[in-house]
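Structural characterization, general
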Amino acid sequence: MSKPTLLVLYGSQTGTAQDTAQRIGRQTRRRHLQVQVLPLDNYVVANLISETLVVFVCATTGQGDPPDNMKNFWRFIFRKSLPVGSLGRLDCAVMGLGDSSYPKFNFVAKKLHKRLLQLGANMLLPVGLADDQHDLGSDAVIDPWLTSFWEKVFALYPSLATVIPMREDEPLPPTYTFHFLDDVKEKTDDRPRIPLEQTVPSQSHPFPARLVSNRRVTDISHFQDVRHIEFDITGSNLEFAAGDVVMMRPCNFPEDVQQFCQLLRLDPEARFTLRATDNTAVPARLPQPCAVRHLVESYLDIAAVPRRSFFELLSTFATNDLEREKLIELSSAAGQDELHSYCNRPRRTALEVLADFPHTTAELKVDYLLDLFPDIQPRSFSIASSLQAHPHRLQILVAVVSYKTKMYKPRRGLCSTWLASLDPAQGEVCVPLWVKKGTMRFPKEKDTPVIMVGPGTGVAPFRSALQERIAEGKDANFLFFGCRSERKDFYFRTEWEEMMKTGRLNLFTAFSRDQEEKVYVQHRVRENAELMWDLIANRSACFYIAGNAKEMPTGVCDALKEVFQQQGGMSAEDAEQMLAAMERTGRFQSETWS
């Protein structure tokens, strides 16, 4: 039997599934096999019937949704018209990447595995269910799963057993080669331009929106800096509704860009073109030619906590014995606890790792930069305004992430810190952005009441919903808002008071630290049990939760089930079923983030 070609298809939202797919690709190349690694939506899915060996690597996003780069594939593979048995010649396996703190853990991978079986595919092994919550992260599941996968492949293709794989310390060829231009360094303008043709902005063609205002909305004495940011989207063709999200990619901090260039002895003003070493496309986001500064500032994710694959590749450049030994340990299966202690727990960045391994960093070849560093992933923010209230404007509410670990420097959220640093008073600032449909849907019927629970920045999508609903004459609005202190972090207070004055909003507040006993939004839901039951049971109200995924959503759901038991005379089981039925019919929706 001839050697197989492995196809690795991935659906990735934050880059983890992509990293796993690329790792499988590297393992395949080390075994001297042909491999192609692609996002699912870049693959012509109709060709699946003629494939023989495929690995699917899929993340689950939101409330059990497929990632953006596999949505077209997802629609196609679930077409009812696809004949049963159409994938009869396909040997395949599915690896899921998920987080067990979410209710629909690895939903996409489980559903895809089941669908492939329906279509007649031969599943080489059970679906892999990697869990971000595991003490050792996703690799605790991925490692043994991959070992089993290769055993199955060798059993299918016995001739492969004689192939001697490449040594682990031998670097594979880079995906791209850099070709530096010798000409005079012209100043290249890498800023995104407003497209001339009237297209709807997207990830590949974002709209450079002008920053209008960037205002801190928490008291200066409050521990958290939260920003209310407004963009001018005039001429963008952007449209959005309540519940939608805006996407943007941050830039690396100037001091990090400078340190990176110094460590790697790169001239930030030097310009280069990229050439692929095989049939891989050159990243569309990078201009050709491109300045080193632009590559490091806007593309390479040097401020992220590096994954195991980073250490794996870095170890192949090490000539210093001590450094090589440490890098090999950190990239080995046995060294994962050590890697978590060194990197994940203190949130050490890739740039800080390079500084810790100076000899190896000095040996790094520029051609490998795009293999070593993933590209900066887009961040999403709930839109906090409605076009009906603020035409040509888009507003967001951003909590600036900053916290201490054992590292000397405080840890900073890349996007929130970057956004907070932008000052329109210092000159025009434009942020490339695009809009994505959110998961929350609000009722069209005028008389359907809406109950919204949004503590902290979770209130953002509900401000958009309230502005939209009030403009449409929908007045049955009930908002539960919680924060620490009425004086320090009560977002949009004057707006809520205005809406209450005109009879368009019923507001319930929980200020957790303003009294000895802590009070949260779930306490307020319980206190208003009679009203909640009347709205839900008699007036078919819709119930929404938005905010931090930690404890609040569970607390609110428990309070709601107690309302059903207390006011509706239900058993615990019936209350559970009622909430599940509301979720199925879209009358209970939540959007939470960790």
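Residues numbered from 1 in each chain as written. Predicted model: local features only at pLDDT ≥ 70, side-chain atom pairs only at ≥ 80, totals over all residues. Heavy atoms only, no water.

The test is simple: UniProt positions are given in the numbering used here, feature names are shortened, and annotations may be inferred rather than shown by experiment.
Naming follows an unreviewed UniProt entry, where the protein chain appears as NADPH-dependent diflavin oxidoreductase 1 of Perca flavescens. What UniProt states about the protein chain under its Subcellular location (unreviewed entry) heading is, verbatim, "Cytoplasm, Perinuclear region". Turning to the protein chain, the UniProt annotation filed under Catalytic activity (unreviewed entry) states: "2 oxidized [2Fe-2S]-[protein] + NADPH = 2 reduced [2Fe-2S]-[protein] + NADP(+) + H(+)".

**Re the nonpolar core**
Just so we agree on the cut-off: Working definition of a nonpolar core: buried Ala, Val, Leu, Ile, Met, Phe, Trp, Tyr and Cys residues. They are joined through side-chain atoms within 4.5 Å. Per-residue accessibility, obtained with a 1.4 Å probe over protein chains only, is compared with the maximum for each type, and a residue is labelled buried under 20%, exposed over 50%, and partly exposed between these values. Residue contacts are defined here by distance: any two heavy atoms, one from each residue, within 4.5 Å place the two residues in contact.
Core analysis: the biggest nonpolar cluster contains 40 residues, and F260, L295, L300, L369, L370 and F373 have the highest contact counts within it. Among all residues touching L370, those that are not within four sequence positions of it are Y176, F178, L274, P283, L286, L295, Y299 and L300.

**Comments concerning the side chain of T218**
Which entries qualify depends on this criterion: Helix and strand assignments follow DSSP, with helices taken as H or I runs no shorter than four residues and strands as E runs no shorter than two, numbered in order from the N terminus. Any N or O atom pair separated by 3.5 Å or less is treated as a polar contact, with the protein-specific requirement of one donor-capable and one acceptor-capable atom, and with residues adjacent in sequence counted only for side-chain atom pairs.
Among the structural elements, T218 can be located in the loop between β8 (207-216) and β9 (226-232). What makes T218 buried here is its relative accessible area of 6%. Within the structure, the side chain of T218 is placed 2.7 Å from the backbone oxygen of Q224, a separation counted as a polar contact. If near-sequence neighbours (up to four positions away) are discounted, T218 is found in contact with Q224, D225, V226, K488, D489 and Y491.

**Brief notes about the confidence of the model for the protein chain**
A low pLDDT means the predicted coordinates there should not be read in detail. Note the following rule: Each residue carries a pLDDT score, the predictor's confidence in it, ranging from 0 to 100.
In the predicted model, the protein chain carries a mean pLDDT of 93, and 97% of its residues have values of at least 70. Put simply, strand β22 (residues 588-593) is where the protein chain has its lowest mean pLDDT, 89, and β9 is where it has its highest, 98.

**Description of the UniProt feature "domain: FAD-binding FR-type" (unreviewed entry) in the protein chain**
Mapped onto the present numbering, the UniProt feature "domain: FAD-binding FR-type" (unreviewed entry) falls at residues 204-443. Secondary structure content for residues 204-443 is 29% helix and 21% strand, while the C-alpha to C-alpha distance between its ends is 32 Å.

**Comments concerning the packing of aromatic side chains**
Short version of the rule: Aromatic contacts are taken between Phe, Tyr and Trp rings whose centres are within 6.5 Å, Trp giving its six-membered ring; a plane angle under 30 degrees counts as stacked, one over 60 as edge-to-face, and the others as tilted. Charges are assigned to positions over rings by a cutoff of 6 Å between ring centre and Lys NZ or Arg CZ, combined with an angular limit of 35 degrees from the ring normal.
If you walk through the whole model with that rule in mind, you get 22 aromatic pairs. Ring geometry for W145 against F149: centres 6.0 Å apart, planes inclined by 5°, an arrangement best described as stacked. Taken together, the residues span about one helical turn, with W145 and F149 both in helix α4 (residues 139-156) at a distance of four residues. Each member of the pair, W145 together with F149, is buried. The residue whose ring lies beneath R31 is W150, and the NZ or CZ to ring-centre distance is 4.3 Å. Residue placement shows R412 over the ring face of F253; its charged tip is 3.8 Å from the ring centre.

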